[in-house]
Amino acid sequence: MAPFTPTLRETCLLAVLLVLLLVFTANLPQETRTFHDIVRPYTVYEDAGIDAEPPTLEKQYTLQTLNLPLRWDAGTVPQTKIVAHAPGWTIFDRLYMLNGTVYIVSDAPEMIPDRRRISSTAVFIENGPIAEAERIPTDRDMRVVSTEEARRLFGTDAARLEGVTWYANDPKQFITHYYHWSAELFFGFWRTYSSLDPSIPPTGVTTLPAPRRMLFPHIDANNWRDYAAMNQWVLRASFPSISTEFMNDFKERADMGRVFFFDRVVFADRAAAMHGENFLRTQRTASNAFALPGSVNWWSTIRNNVVGFAGLGESGGAESVQGVDSVPVITYISRQDWGRRMLIPEDHDRLVQELHTLRDTYGYEVNVVSMDLLSRIEQFQLAGRTTIMMGVHGNGLTSLLWMRPTPRSTVMEFFFPEGFAQDYEYTTRALGMVHYGFWNDKAFTRPDVPPVNYPEGFQGNSIPIDGAAVARLCHQRLTLSDEADD
């Protein structure tokens, strides 16, 4: 059979079809991925601070699988944006890290806050001018560079750390203490971050994505937990999917000699916070963050997650998770077996008797507990139901964080006469509750509080308290108009 030879007409027709195919494919829309296209699914990076359309799981998985770096090639290095700032608490978009140094890329360095109000050398905080000088950050800790200098330092791209990072630039000095972890570090982190969603309702529902990781560049993995194992509960209950990185992880990234790029960072530094005006008034590092906008229900996201994780309200629905209880709950946190900062034994007994009289007369629920004898679940559940919490100044009062703020919610703190510390007084007020200090039979509250003072006897075991005076104030607080809770 003779080989097939196409005719001239068939050859021309094939050529026309080939040309049409090339023209058609050339005009198809091309997928171009800019820096903003890559970042948007993971961040709330509109000026309003909220991404209205969260990414699907498929999009997140695809981007993670591709592990796309941030590239600028021959273009300009994307500049760092300061989204929010208060001394010691700063939210950055597009923050860089190279060889262990944090870089702020900006062609307007005059717009960057004083570096001492952002970062420090992360050494232990001691008193005196020499110690203060040692905390001042150097170029080894943080640098502000122009886009031109950044290009010389970084090259053409950076490895991307997706999502939101909480960066704790602190030594272990205070972190291993339940109060300082939960009521200062965590408190400040969330108050700063939640400023981007000023409409958080009492349910705690928020448009903000959960932080992907918590980074501790100056702490090893064995030195962030407290002796009672509360720190890790608060972290894992608040954000079950969060990962943690420590100084060895940070060193590994630094030793790679590669540039890393953070989508969004909430940067915390205790020493930097000590330059803030609010700190100077309260001695609480988290107080600086309250200069930022925020919802009156800002803490409800964390509080509801923690008590819900502990099982409060599992069978009672959303209202029970919020700690709504028809019967007022009085919880006295006793330190009588602690060996330090205890009531006079007879005064303790009289206080318990007076509280039980309230129970028998008015039907209040009364709990007299030693927190260290309760499981963590029991502690969180009890605090979540408590209306009035009381006790001698001490770590047990950290449980006030998990109370539900209402007009009746009250913390009563017992001090040795003439003594006063702001720790729990400030924290109570920051949550919208009422705090009373007691010197035996004398009660005081804001604005009539004494100056901070630690007299001889403050840490001792002979602290007096008038149980009848405490009981009277409890009944007064619990007989506020029922309509006040609506």
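Residues numbered from 1 in each chain as written. Predicted model: local features only at pLDDT ≥ 70, side-chain atom pairs only at ≥ 80, totals over all residues. Heavy atoms only, no water.

Colleague: Just give me the short version of the confidence of the model for the chain, but keep the residues and values in it.
Modeller: Summarising the model, the chain shows a mean pLDDT of 88, and 83% of its residues fall at 70 or more. Ignoring residues within four places in sequence, the model shows residues 29-52, a span with pLDDT below 50, making 53 contacts including any to other chains. (pLDDT = per-residue confidence, 0-100. Contact = heavy atoms within 4.5 Å.)

Colleague: Give a description of empty space enclosed by the protein that names residues and reports values.
Modeller: All chains considered together, the criterion is met by 1 cavity of 30 Å³ or more. The computed volume of the largest cavity comes to approximately 120 Å³. For the largest cavity, the full set of lining residues is W89, I125, D170, P171, Q173, F174, I175, H180, E184, L185, R270 and T285. Looking at which element gives the most residues to the lining of the largest cavity, the answer is helix α6 (residues 178-193), with 3 residues. Grouping the constituent residues of the lining of the largest cavity by class yields 6 nonpolar, 3 polar and 3 charged. (1 Å grid on protein atoms, 1.4 Å probe; cavity = no way out; pocket = protein on both sides within 12 Å on 5 of 7 lines; lining within 4 Å. Points joined across faces, edges and corners; volume = space filled by probe spheres on them. Helix = DSSP H or I, 4+ residues; strand = E, 2+ residues; numbered from the N terminus. Nonpolar A, V, L, I, M, F, W, Y, C, P; charged D, E, K, R; others polar.)

Colleague: Explain the pairing of strand β9 (residues 260-268) to me, and be specific about the residues and the numbers.
Modeller: Counting buried residues in β9 gives 9 out of 9 residues, a clear majority hidden from the surface. Of the pairings in the sheet, the one linking strand β3 (residues 89-98) to β9 comprises 8 bridges and is antiparallel in character. Each residue of the ladder has a partner; that of W89, found in β9, is A268. Both strand β6 (residues 157-168) and β9 contribute to a ladder of 8 bridges, which runs parallel. (Buried < 20%, exposed > 50% of the residue type's maximum accessible area, 1.4 Å probe, protein only. Pairing = 2+ DSSP bridges.)

Colleague: How would you summarise helix α5 (residues 147-154) if you had to cite specific residues and measurements?
Modeller: Buried within α5 we find T147, A150 and F154. Viewed end-on, α5 has its buried residues packed into an arc of 55 degrees, placing them on one side of the element. Along α5, the residues that are exposed and aim more than 90 degrees away from the buried face are E148 and R152. On its buried side, α5 packs onto β3, β4 (101-105), β5 (142-145) and β6. Note on α5: the residue one or two positions beyond its end, G155, has a positive phi of about 85 degrees. (Arc of directions from axis to C-beta.)

Colleague: Describe the packing of aromatic side chains, listing the residues and the values that go with them.
Modeller: A full pass over the atoms with the stated rule returns 39 aromatic pairs. With a centroid separation of 5.3 Å and 40 degrees between ring planes, the pair formed by W181 and W224 is classed as tilted. With W181 in helix α6 and W224 in the loop between β7 (213-215) and α7 (230-238), this residue pair connects regions lying 43 residues apart in the sequence. Grouping aromatic residues by their ring pairs yields a cluster made of W89, W166, W181, F186, F189, W190, Y193, F216, W224, F239 and F246. Positioned above the aromatic ring of F290, the side-chain terminus of R191 is 5.0 Å from the ring centre. Seen from the ring of F260, R253 lies directly overhead, with NZ or CZ sitting 5.1 Å from the centre. (Phe/Tyr/Trp six-rings, centres within 6.5 Å; stacked < 30°, edge-to-face > 60°. Lys NZ or Arg CZ within 6 Å of the ring centre and 35° of its normal.)

Colleague: Residues and numbers for the environment of H475, please.
Modeller: Examined against the element boundaries, H475 turns out to sit in helix α16 (residues 467-478). Owing to a relative accessible area of 23%, H475 belongs among the partly exposed residues under this scheme. Taking C-alpha positions, H475 is 9.5 Å from Y364, a pair spaced 111 residues apart along the chain. Sequence-distant contacts of H475, defined by excluding residues within four places in its chain, comprise L358, Y362 and Y364.

Colleague: Break down helix α14 (residues 376-385) for me, with residues and values.
Modeller: Owing to its 3.6 residues per turn, the α-helix brings residues three or four apart onto one side. Buried residues of α14: Q379, F380, L382, A383 and G384, and no others. Summarising the contacts, the buried residues of α14 are in contact with α6, α7, α11 (300-309), β10 (329-333), β11 (365-369) and β12 (388-392).

Colleague: Break down the pairing of β3 for me, with residues and values.
Modeller: Burial within β3 is extensive, with 10 of its 10 residues counted as buried. By the bridge criterion, 5 bridges tie strand β2 (residues 81-86) to β3 in an arrangement that is antiparallel. Note that in β3 the partner of A84 across the bridge is I91. Hairpin remark: β2 followed by β3, antiparallel, with 2 residues in the connecting loop; positive phi at G88, about 90 degrees. Relative to β4, β3 runs antiparallel, the two sharing 3 bridges. Bridge pairing in β4 links M97 to V102. Remark: 2 residues form the turn of the hairpin made by β3 and β4, two consecutive strands paired antiparallel; N99 in that turn has positive phi of roughly 55 degrees.

Colleague: Hey, could you go over unusual backbone geometry for me, with residue numbers and the actual values?
Modeller: The phi torsion of most residues other than glycine is negative, and most of the peptide bonds are trans. That bond from R446 to P447 is cis: its omega, 15 degrees, falls within 30 degrees of zero. For P447, the position within the fold is in the loop between β15 (442-444) and α16. Phi is positive for A122, which is not a glycine, with a value near 65 degrees. Tracing the backbone shows A122 in the loop between β4 and α4 (129-134). Its relative accessible area of 9% is what places A122 among the buried residues. Here the phi dihedral of A229 falls at roughly 60 degrees; this positive angle occurs in a residue that is not glycine.

Colleague: Describe the sheet that holds β15, and please don't skip the residues or the numbers.
Modeller: Strands pair in a sheet through their backbones, by hydrogen bonds, and they do so in one of two ways: parallel or antiparallel. Ordered by their spatial adjacency, 6 strands build an open sheet running β11-β10-β12-β13-β14-β15, and the pairing between neighbours is mixed. At either margin of the open sheet sits one strand with a lone partner, and together these are β11 and β15. Between one strand axis and the next, the sheet turns by 20 degrees as a mean value, whatever way the strands run. Bridge analysis of β10 against β11 gives 5 bridges, and the strand direction is parallel. Bridging from a neighbouring strand, Y332 pairs with V368 of β11. Across the face of the sheet, α14 comes into contact with β10, β11 and β12 while running at roughly 145 degrees to β11. Against the sheet, helix α15 (residues 423-430) contacts β13 (410-414) and β14 (434-439), and its axis sits at roughly 155 degrees relative to β14. (Axes fitted to C-alpha atoms, helices over the stretch in contact; angles between N-to-C directions.)

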